[in-house]
Amino acid sequence: MQIREATLEDLAAILDIYNEVIATTTAVYNDDPLTPGEFAIWFQDRAAAGYPVLLAEDENGRALGFSSFGDFRARPGYRFTVEHSVHLTADARGQGIGTALVQALLPYAQALGKHTILGAVDADNEGSIRFHEKLGFVQVGRLPQVGFKFGRWLDLVYLQRFIDEASSGPAPDA
């Protein structure tokens, strides 16, 4: 397996992974699959912001998963915080690929001067919560019934990890 920066040529494979997650899980609170055009805009927005989209692929070049991060919120006070996403093909889950994809994001975030990275996880997804905790994320909040999918209300759990290993201290001059 190798991890590399995704290109426009990878978008169809990444979109297939994302739309499978939408169709079969509560990891993404979308009801409908994204179109190639919608996904291209997402990709272009990440690139314009200088944010990575990373792709994991097997030795034959088959996409296994992807990770990325984006702004947590648009206001300037949040500029040192990003929210990540990581999604895998169904047959690639549980093999350490997600761990490698999230760990690969951290140097990008650090190089961009980010202070903290968040993950937003469906509260019933205990596997993803444990996955994040093994990576050093800590649960910092739970938002009851903020999502609705598959005919039921969903709670969202926020997990946080400090990128620069410092949980406090003076703010940068930015």
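Reading the values: rules and limits
- Residues numbered from 1 in each chain as written.
- Predicted model: local features only at pLDDT ≥ 70, side-chain atom pairs only at ≥ 80, totals over all residues.
- Heavy atoms only, no water.
- Core = buried A, V, L, I, M, F, W, Y, C linked by side-chain atoms within 4.5 Å.
- Buried < 20%, exposed > 50% of the residue type's maximum accessible area, 1.4 Å probe, protein only.
- Helix = DSSP H or I, 4+ residues; strand = E, 2+ residues; numbered from the N terminus.
- Contact = heavy atoms within 4.5 Å.
- UniProt positions renumbered as here; feature names shortened; annotations may be inferred.
- Pairing = 2+ DSSP bridges.
- Axes fitted to C-alpha atoms, helices over the stretch in contact; angles between N-to-C directions.
- Phe/Tyr/Trp six-rings, centres within 6.5 Å; stacked < 30°, edge-to-face > 60°.

The chain is annotated in an unreviewed UniProt entry as GNAT family N-acetyltransferase from Chromobacterium indicum.

Engineer: Just checking my understanding: could you explain the nonpolar core for this structure?
Structural biologist: For soluble globular proteins, the rule of thumb is that nonpolar side chains tend to be buried together. Counting 26 residues, the largest nonpolar core has Ile97 and Leu101 as its most contacted members. Those elements that provide at least two residues to this core are β2 (53-57), β3 (63-71), β4 (81-88), α3 (97-111), β5 (116-122), α4 (126-134) and β7 (152-162). Dropping the residues within four chain positions of it, leucine 101 is found in contact with Ile3, Leu54, Leu55, Ala56, Gly65, Phe66, Ser67, Val86 and Leu88. Ala6, Ala40, Val53 and Phe66 belong to the second largest nonpolar core, which has 17 residues in total.

Engineer: Looking at this model, I keep getting lost on the UniProt feature "domain: N-acetyltransferase" (unreviewed entry) in the chain. Mind explaining?
Structural biologist: When the UniProt feature table is mapped onto this chain numbering, "domain: N-acetyltransferase" (unreviewed entry) sits at residues 1-164. End C-alpha to end C-alpha, residues 1-164 measures 27 Å, and it is 32% helix and 34% strand.

Engineer: For this particular structure, what's the right way to read the sheet that holds β4?
Structural biologist: The strands that make up a sheet pair up through hydrogen bonds in the backbone, lying either parallel or antiparallel. With respect to topology, 7 strands assemble into an open sheet ordered β1-β2-β3-β4-β5-β7-β6, the strand pairing being mixed. Whereas interior strands pair on both sides, the edge strands pair on one side only; in this sheet they are β1 (2-5) and β6 (138-149). Mean inter-strand twist for the sheet, computed between neighbouring axes without regard to direction, equals 25°. Judged from the 7 bridges that link them, β3 and β4 form a sheet pairing that is antiparallel. Directly across from serine 67, in β4, lies its bridge partner valine 86.

Engineer: Please explain the environment of alanine 23 as it appears in this structure.
Structural biologist: Looking at the element boundaries, alanine 23 is found in helix α1 (residues 11-24). The sequence separation of alanine 23 and alanine 49 amounts to 26 residues, and the corresponding C-alpha distance is 28 Å.

Engineer: I keep staring at the packing of aromatic side chains and nothing clicks. Help me out?
Structural biologist: Tallied over the full model, the rule gives 9 aromatic pairs. Here tryptophan 42 and phenylalanine 66 contribute two aromatic rings whose centre-to-centre distance is 6.1 Å and whose plane-to-plane angle is 75°, an arrangement assigned as edge-to-face. With tryptophan 42 in helix α2 (residues 36-49) and phenylalanine 66 in strand β3, this residue pair connects regions lying 24 residues apart in the sequence.

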